[in-house]
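Coordinate analysis (summary)
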Amino acid sequence: SNNVPMSGDYTVGQLAIYTRITDAVNDLNARGQLGAVRFLLVDANYTSETLPIIIQNSTASPSNTLTIQPNTGVTSNITGSSSSGIFNIATHYVTINGDNLGGSVGRNLTIRNTSVAANSYVIGLFNFGTSLTASNCTIKNNNLFGGVNWGIVLNNSGGNFDNVVIDNNQIQRTNIGIQFAGVSGATSDNGKITNNEMGSSIDSLSIFRRGILTSYT
């Protein structure tokens, strides 16, 4: 870690630039960025993260994007138990792309929250202020599992989760697959929910209440 804004590709894994995704994200939050950043996962399993992994970077912009995805030929699993979530996104222009780098489109990233806490989720998008709002974010090509309330939740406090894309994810074993929400006066505009697979023919992997819940969008 240093004070120089980040730009470019950074590997994450036991023998990589960063050992944990948590460490990479915390460094980005502290240093900011001056260009697009990719955190490339090189290990099969990530089980020692500090949860939730909070992405809260006020220097994000259309040119200062963040992408988290498996590296070439890698299939990764992020697993933990959190009474909140695995990822907490509170910044613009973040992509969690489960398709490994350079391959044909696949779901090469599994993210699993094993908690059964009432308000837990796998991936959450939040609004912590103008420069710390999860807008222009994309969640695609992932397998999302839990014993949790939500697979993906746009927190219904704050709103303005504009231009969010949720595409080609498999979501299983949650009460609500996707909550896509804004609030009165701060609707979440221009969102896209496409090509996702919800639940399973196996009862224990079902979506137990609602597949997609929308409000103020």
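The structure under discussion appears in the preceding block.
Residues numbered from 1 in each chain as written. Predicted model: local features only at pLDDT ≥ 70, side-chain atom pairs only at ≥ 80, totals over all residues. Heavy atoms only, no water.

1. A closer look at the nonpolar core
Operational definition: Among buried residues, the Ala, Val, Leu, Ile, Met, Phe, Trp, Tyr and Cys ones that are joined through side-chain atoms within 4.5 Å form a nonpolar core. Only protein chains enter the accessibility calculation, which uses a 1.4 Å probe; a residue is then buried when its area is under 20% of its type maximum, exposed when over 50%, and partly exposed in between. The criterion used for residue contact is that any of the two residues' heavy atoms lie within 4.5 Å.
With 41 residues, the main nonpolar core has Phe39, Phe87, Ile111, Ile123 and Leu125 as its most contacted residues. Setting aside residues up to four positions removed in sequence, Leu125 forms contacts with Ile89, Ala134, Cys137, Ile139, Val153, Leu154, Asn155, Phe161 and Val164. With 6 residues, the next largest nonpolar core counts Tyr121, Trp150, Val153 and Ile176 among its residues.

2. Quick notes on the pattern of salt bridges
For clarity, the cut-off: What counts as a salt bridge is simple: a side-chain nitrogen of Lys or Arg found within 4 Å of a carboxyl oxygen of Asp or Glu. The way it works is that DSSP assigns letters per residue, a run of H or I at least four long becomes a helix, a run of E at least two long becomes a strand, and they are numbered from the N terminus.
Evaluated as defined, the whole model comprises 4 salt bridges. Note that Asp9 is salt-bridged to Arg38, the shortest N-O span being 2.8 Å. With Asp9 in strand E1 (residues 6-12) and Arg38 in strand E2 (residues 33-41), this pair connects stretches of sequence that are 29 residues apart. Of the residues examined, Asp9 reaches a relative accessible area of 42% and is grouped as partly exposed. A salt bridge links Asp27 to Arg31, with the shortest nitrogen-to-oxygen separation between them at 3.0 Å. A residue pair is termed a helical-turn pair when its members lie 3 or 4 positions apart in one helix, as Asp27 and Arg31 do in helix H1 (residues 21-31) at 4 residues.

3. Digging into the side chain of Gln179
Stated formally: Pairs of N or O atoms are called polar contacts if they sit within 3.5 Å, as long as, within protein, a hydrogen donor faces a hydrogen acceptor (for residues adjacent in sequence, only side-chain-to-side-chain pairs).
You can see Gln179 is positioned in strand E14 (residues 170-181). In terms of polar contacts, Gln179 uses its side chain to reach the side chain of Trp150, at 3.1 Å. Apart from the residues lying within four places of it in its own chain, the contact partners of Gln179 are Trp150, Ile152, Val153, Leu154, Asn156 and Leu213.

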